[in-house]
Amino acid sequence: MSRTLQVMLHRVNLARPLPAERNRPDMIHKRYDYASWFMRHAEVSHCVFSDECGYNIWTARNQGRARIGDKAYRQVCGQRGRNVTVALAISPTNGLVFHSAIIGGMNTQRFSDVLAQKRLNLDPDENIIFIYDGPPAHHSPADPGQNTELKKLPPYSPFLNIVEQSISVFIPPIIAE
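Counting restarts for each chain: residues are numbered from 1 in the order of the written sequence. Local features in this predicted model are restricted to residues whose pLDDT is 70 or higher, and side-chain atom pairs enter the listing and the counts only when it is 80 or higher, whereas totals over whole chains, interfaces and linings include all residues. Each side-chain value is derived from all of the structure's non-hydrogen atoms; neither hydrogens nor water enter the calculation.

Visitor: For the packing of aromatic side chains, give the residues involved together with the corresponding values.
Guide: Ring pairs shown here join Phe, Tyr and Trp side chains whose ring centres sit within 6.5 Å, with only the six-membered ring taken for Trp; geometry is labelled stacked below 30 degrees between planes, edge-to-face above 60, and tilted in between. One pass over the structure, following the stated rule, counts four aromatic pairs. On the numbers, 6.0 Å between centres and 50° between planes, the contact of F38 with F49 is tilted. Here the residue F38 occupies a position in helix 2 (residues 25–41), and F49 occupies one in strand 1 (residues 46–56), the gap between them amounting to 11 residues. Burial status follows relative accessibility: with a 1.4 Å probe on protein chains alone, a residue under 20% of its type maximum counts as buried, one over 50% as exposed, and anything between as partly exposed. Relative accessible area serves as the criterion here: at 22%, F38 is assigned to the partly exposed category. Judged by its relative accessible area of 4%, F49 falls in the buried class. A connected cluster of aromatic rings, assembled from ring pairs, spans Y34, W37, F38 and F49. Secondary structure is summarised from DSSP: a helix means a run of H or I of at least four residues, a strand means a run of E of at least two, and numbering begins at the N terminus for each.

In structure tokens:
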């Protein structure tokens, strides 16, 4: 069977889950509406993309030393470590605007506090639009200050947030440590 599939230019690949909702017509329309909005507002206002990612700071090596013929063991405790949430804000014009590490997970109050801290790092007289994704912690955040607008990304659209791409760059070195 494998040879037959190879002749037909097929190959066995790892199947990745694809949410059925991602490419529904209404989701595609929401992404189109967001892109149209962004093209109208990106030139006139200062857009700042905001996101965060969580890490468990418990790490352990998978390899160890042992005499030839013996198995390598490592003693572990029953619980894993604490979570650390790294929050970032990136502006297409100013680069990295804000970064912070928070012990524990993100909730609505912490997200509102982080937005307020991000706003303090920017010019108070400038119109700022914070663009963020939609996990439960991001529902109904408090207004971070004057001259500030909040814009939520459409569902299933991480590719529209430049912070997601930044996070994907520094995850492998953290995991490798």
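Once you've had a look at it, read on.
Visitor: Could you give me a rundown of unusual backbone geometry, with the residues and numbers involved?
Guide: The backbone phi angle of N147 is positive, close to 55°, even though this residue is not glycine. Summarising the element assignment, N147 is placed in the loop between strand 4 (128–132) and strand 5 (148–152). Of the residues examined, N147 reaches a relative accessible area of 34% and is grouped as partly exposed. A positive phi angle is found at Y156, which is not glycine, with a value near 55°. Relative to the elements of secondary structure, Y156 occurs in the loop between strand 5 and helix 4 (162–176). On the accessibility criterion, Y156 (31% relative accessible area) is partly exposed.

Visitor: Outline the pattern of salt bridges, supporting the account with residue identities and numerical values.
Guide: Any carboxyl oxygen of Asp or Glu that lies within 4 Å of a side-chain nitrogen of Lys or Arg is treated as forming a salt bridge with it. Inspection of every chain in the model, using the stated rule, returns one salt bridge. In this structure, R24 engages D26 in a salt bridge whose closest nitrogen and oxygen atoms are separated by 2.7 Å.

Visitor: Which residues make up the side chain of H46, and what are the values?
Guide: With respect to the helices and strands, the residue H46 is situated in strand 1. In what follows, residue pairs with any heavy atoms lying within 4.5 Å of each other are defined as contacts. In this structure, H46 is in contact with S91, T93, N94, L122, E126, N127, I128 and I129, ignoring residues within four places of it in sequence.

Visitor: I'd like a rundown of the environment of T85, residues and numbers included.
Guide: Residue placement: T85 occurs in strand 2 (residues 83–91). With relative accessibility at 6%, the residue T85 sits in the buried group. Taking the C-alpha atoms as reference, T85 lies 5.6 Å from C53; in sequence the two are 32 residues apart. Excluding residues within four positions of it along the chain, T85 makes contact with E52, C53, G54, S100, A101, I102, G104, G105 and M106. The term polar contact refers here to a pair of N or O atoms within 3.5 Å; inside protein, the definition further demands a hydrogen-donor-capable atom paired with an acceptor-capable atom, and it admits residues adjacent in sequence only when both atoms are side-chain atoms. Within the structure, the side chain of T85 is placed 2.6 Å from the backbone oxygen of G104, a separation counted as a polar contact.

Visitor: Lay out the sheet that holds strand 4 in plain terms, naming residues and giving numbers.
Guide: Strands sit in the order 3-2-1-4-5 across an open sheet of five strands; the sheet is mixed. Every other strand in the sheet has two partners, leaving strand 3 (95–103) and strand 5 as the edge strands with one partner each. Between one strand and the next, the sheet's axes are offset by a mean angle of 20°, whatever the strand orientation. By definition, two strands form a pair when at least two bridges between them are found by DSSP. Relative to strand 3, strand 2 runs antiparallel, the two sharing eight bridges. Note that in strand 3 the partner of S91 across the bridge is G95. Against the sheet, helix 2 touches strand 1, strand 4 and strand 5, its axis set at about 155° to strand 4. To obtain an axis, a line is fitted to C-alpha atoms, over the contacting stretch when the element is a helix, and the angle between two such axes runs from 0 to 180 degrees between their N-to-C directions.

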